[in-house]
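Overview (structure and organization)
As a plain string of letters, each chain reads:
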Amino acid sequence: MKIAVVGTGYVGLVTGTCFAETGNTVTCVDIDSTKVNKLTNGEITIYEPGLEKLFLRNLKEDRLHFTTDLAAGIKDASIIFLALPTPPGEDGSADLKYILGVASQLGTLLKTDDYKVIIDKSTVPVGTAEKVNAAILESAKKAGVNLTGAFDVVSNPEFLREGVAVDDFMKPDRVVIGTSSEKAKKLMGDLYAPFVRQGNPVIFMDERSAELTKYAANSFLATKISFMNEVARLCELLGADVDMVRRGVGSDDRIGKRFLFPGIGYGGSCFPKDVQALVKSSNEVKYDFKILNAVMEVNETQKLHLFPKIKNYFKGDLKGKHFALWGLAFKPNTDDIREAPALYMIDALTAEGATVTAFDPEAMNNVKKTIGDKITYAENQYAALQGADALIIATEWNEFRTPDFLKIVSTLKNKTIFDGRNLFEVSAIRELGFHYESIGRAPSIIK
Ligand SMILES: NC(=O)c1ccc[n+]([C@@H]2O[C@H](COP(=O)([O-])OP(=O)(O)OC[C@H]3O[C@@H](n4cnc5c(N)ncnc54)[C@H](O)[C@@H]3O)[C@@H](O)[C@H]2O)c1
Ligand SMILES: O=c1ccn([C@@H]2O[C@H](COP(=O)(O)OP(=O)(O)O[C@H]3O[C@H](CO)[C@@H](O)[C@H](O)[C@H]3O)[C@@H](O)[C@H]2O)c(=O)[nH]1
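These numbers were taken from a predicted model, which means no experiment stands behind them.

Considering the UniProt feature "domain: UDP-glucose/GDP-mannose dehydrogenase C-terminal" (unreviewed entry) in the protein
Cross-referencing UniProt, the feature "domain: UDP-glucose/GDP-mannose dehydrogenase C-terminal" (unreviewed entry) maps to residues 324-426 in the present numbering. As a span, residues 324-426 carries 30% helix and 17% strand, and end to end its C-alpha atoms are 20 Å apart.

Overview of the pairing of strand S1 (residues 2-6)
Among the five residues that make up S1, four are buried, leaving the element largely enclosed by the rest of the structure. Where S1 meets strand S2 (residues 25-29), five bridges bridge the pair, whose relative direction is parallel. Residue pairing in the sheet places Lys 2 in a bridge with Thr 25 of S2. You can see the chain leave S1, run along helix H1 (residues 10-21) and come back into S2, and the turn it takes is right-handed. Bridge count between S1 and strand S4 (residues 79-82): four bridges; the pairing is parallel.

Section: the site of ligand 1
The local shell around ligand 1 holds 26 residues, among which Gly 7, Gly 9, Tyr 10, Val 11 and Ser 122 are the closest. Among the secondary structure elements, those contributing two or more residues to the shell around ligand 1 are H1 and helix H5 (97-109).

A look at the site of ligand 2
Surrounding ligand 2, one finds 21 residues, the nearest of these being Glu 162, Phe 261, Tyr 266, Gly 268 and Cys 270. At the level of secondary structure, the elements contributing two or more residues to the shell around ligand 2 comprise helix H9 (207-238) and helix H11 (271-284). Element by element, the count of residues in the shell around ligand 2 is highest for H9, at three residues. Its residues assigned to classes, the shell around ligand 2 shows eleven nonpolar, five polar and five charged. Domain assignment of the residues forming the shell around ligand 2 places at least three in each of domain 1 (2-205) and domain 2 (215-301).

Some remarks on the domain arrangement of the protein
Examined at the domain level, the protein breaks down into domain 1 (2-205), domain 2 (215-301) and domain 3 (303-444). For domain 1 and domain 2, the distance between their C-alpha centres works out to 30 Å. Each partner contributes to the interface: domain 1 provides eleven residues, whereas domain 2 provides nine residues. Grouping the constituent residues of the side of domain 1 that touches domain 2 by class yields six nonpolar, three polar and two charged.

Quick look at the nonpolar core
Judged by nonpolar contacts, the single largest core of 76 residues is most densely connected at Val 6, Ile 80, Phe 81 and Leu 82. In this structure, this core is formed jointly by two domains, domain 1 (2-205) and domain 2 (215-301), each of which donates at least three residues. If you look at the next biggest cluster of nonpolar residues, it comprises 46 residues, including Ala 342, Ile 346, Ala 378 and Phe 424.

Side note on the environment of Asp 274
With respect to the helices and strands, the residue Asp 274 is situated in helix H11. Along the chain, Asp 274 and Ser 219 lie 55 residues apart, while their C-alpha atoms are 7.1 Å from each other.

Quick word on the sheet that holds strand S13 (residues 416-419)
The strand order across the open sheet built from six strands is S11-S10-S9-S12-S13-S14, with neighbouring strands paired in parallel fashion. For this open sheet the edge positions go to strand S11 (376-377) and strand S14 (435-437), each flanked by a neighbour on one side alone.

Observations regarding the confidence of the model for the protein
The share of residues in the protein with pLDDT of 70 or more is 99%, and the mean pLDDT across the chain is 96. Scored below 50 in pLDDT, residues 443-447 shows ten contacts in the model against residues more than four places distant or in partner chains. Reported confidence for the predicted complex is 0.98 by ipTM and 0.96 by pTM.

Section: the environment of Met 296
If you trace the backbone, Met 296 turns up in helix H12 (residues 290-302). The spatial distance from the C-alpha of Met 296 to the C-alpha of Ser 410 is 40 Å, given a sequence separation of 114 residues. Look past the residues within four positions of Met 296 in its chain and what remains in contact with it is Val 275 and Gln 276.

Some remarks on the pairing of S13
The side chains of a regular strand alternate, residue by residue, between the two faces of the sheet. Two strands pair when backbone bridges link them, and strand S12 (residues 390-393) and S13 are joined in this way by three bridges, in the parallel orientation. Across the sheet, residue Ile 393 finds its bridge partner in S13, namely Asp 419. In this sheet, S14 lies alongside S13 in parallel orientation, the contact comprising three bridges. By the bridge assignment, Thr 416 is partnered in S14 with His 435.

Comments concerning the packing of H1 against helix H3 (residues 51-60)
The geometry of H1 relative to H3 is characterised by a closest axis approach of 9 Å and an angle of 60 degrees between their N-to-C directions. Judged on the interaxial angle alone, H3 and H1 are oblique. As for the relative orientation of H1 and H3, their crossing is left-handed in sense. Mapping the contact onto sequence places Val 14, Thr 17, Ala 20 and Glu 21 in H1 and Leu 51, Leu 54, Phe 55 and Asn 58 in H3.

Thresholds applied
By convention here, each chain's residues receive numbers from 1 onward along its written sequence. All chains are assigned letters beginning at A, and all ligands numbers beginning at 1, according to the order in which they are written. Local features are withheld for residues below a pLDDT of 70 in this predicted model, meaning they are given only at 70 or higher, and side-chain atom pairs are given and counted only at 80 or more; totals for whole chains, interfaces and linings count all residues. UniProt positions are given in the numbering used here, feature names are shortened, and annotations may be inferred rather than shown by experiment. Helix and strand assignments follow DSSP, with helices taken as H or I runs no shorter than four residues and strands as E runs no shorter than two, numbered in order from the N terminus. Our exposure labels follow a C-beta count within 10 Å of each residue's own C-beta, placed from the backbone: buried means 20 or more other C-beta atoms, exposed means 12 or fewer, and partly exposed covers the counts in between. Any two strands between which DSSP finds at least two bridges are classified as paired. Seen with the strands pointing away from the viewer, any crossover whose path from the first strand over the helix to the second strand runs clockwise is right-handed. Whether a residue is near a molecule or strand depends on its C-beta atom, generated from backbone atoms, being within 6 Å of that molecule or strand. Gly counts as polar in this scheme, as do all residues outside two lists: the nonpolar Ala, Val, Leu, Ile, Met, Phe, Trp, Tyr, Cys and Pro, and the charged Asp, Glu, Lys and Arg. The start and end points of each domain follow an automatic or database-based domain assignment. Note that contacts rest on C-beta atoms placed from the backbone: two residues are in contact if these are within 7 Å. A set of buried Ala, Val, Leu, Ile, Met, Phe, Trp, Tyr and Cys residues, joined through C-beta atoms within 7 Å, is what we mean by a nonpolar core. pLDDT: the predictor's confidence for each residue, scored from 0 to 100. In this description, a line fitted to the C-alpha atoms serves as the axis of each element, helices being fitted only across the stretch in contact, and the angle between N-to-C directions of two axes falls anywhere from 0 to 180 degrees. Note on angle classes: values under 35 degrees are labelled roughly parallel, values over 145 roughly antiparallel, values of 65 to 115 roughly perpendicular, and the remainder oblique. In a left-handed crossing the near helix is turned counterclockwise from the far helix by less than a right angle, and in a right-handed crossing that turn is clockwise.

Put into structure tokens, the structure is as follows:
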């Protein structure tokens, strides 16, 4: 099949590459000409394990193309994915200006005798498929063309996680397709056939249900995390160990082991904005989604849960203190720093007069572009420790899990670690003589 993907950011690039990998011819369109030039010349624009190999192979085999020209990009395609940003607007609801802007452009480009399926791949509020449909018809009408029947708009939300995006896309737990058109249903079923394994279904439904499925899934996962973060806080107050509680609770199949890890809050480009957008959508229909308001409130405070512990340890005065920070990305295996808890930690520390030297295996360039010399950057995790009064861990990169503790001891000024991701066994690290504080684990509380 010939496919166009409009928006070549995270989701667009993974979507385009994976569809090319299954033998389709894909043209990715983006307004960012620097990005398009880089991609055309074989330079990948995001760090995502496993993606570069597929990207280069499909580029070389001429199945994957990039352009800034929307008209040229969609010309031969029977399927057009919209993988455009849906950032929070001023009031927190999803801003549809990118999606509806491109929809209006499509209205002037589609032809009455060349049926195409337009797919909302972006995370969009309930009713967006109808709005996209209306925007296309409206702009065509202005140009004197009646496009009724010449296209269908389908909701096909994306569930990939950054860091494991290729696997998530190639072997999805499920594919959700929202459409009331039989023609579109057939095309979408064929398109996804190579990706679904036995037992991992393509679930067809109406457009509105598909749109809500995406928000409900993200919000449920965020709820799990905020719930466990509250359990962790309670563990600290009651002298229990959240690692034990997590294992005990997660062994129940009805609950499941995954997404129960407490930490310094959820971040990234999806959970914070999507939970907020669902609350806004609920408010618009006068529904007060109480649980989600609490989920957001817990997450806001959790991002700085380590901070009072750090301040207490230094007797309330952080002025002139210097900290090593391991991890800047919002989670491991990505260079994405959108809503990264580490950035909130940096703000809190520097506001109190402390200085920070950070190391992250992939995300330092993105942080440099955002906050520049507000902090200093180290060449490796051990260099970051030089002259620091304590080490703070904000992201659970694998290389931080089994560090050379002797090197840490010989480089840090004090044997003090504040761990926002519970990387180390409490008893083992205390045996090494560290003052160690983490999230919700009793031995760090009961002295
Ligand atoms: N990042 C994820 O892990 C993830 C996972 C699932 C769903 N989503 C959803 O997918 C959507 C896209 O997310 P993303 O992270 O890929 O965004 P992104 O910001 O990484 O990429 C968006 C791209 O769209 C381009 N763009 C903007 N306006 C354009 C236009 N008029 N024409 C062509 N290109 C244009 C931008 O230049 C950018 O390259 C969002 O709705 C997001 O919520 C993201
Ligand atoms: O037990 C856990 C699991 C995750 N997190 C945090 O939650 C955030 C999000 O993690 P994750 O879901 O792995 O990353 P994303 O790439 O943001 O993926 C989420 O958001 C995407 C965009 O909508 C969806 O497609 C995915 O299904 C959904 O998992 C990160 O800050 C994690 O540190 C925790 O604190 N504890």
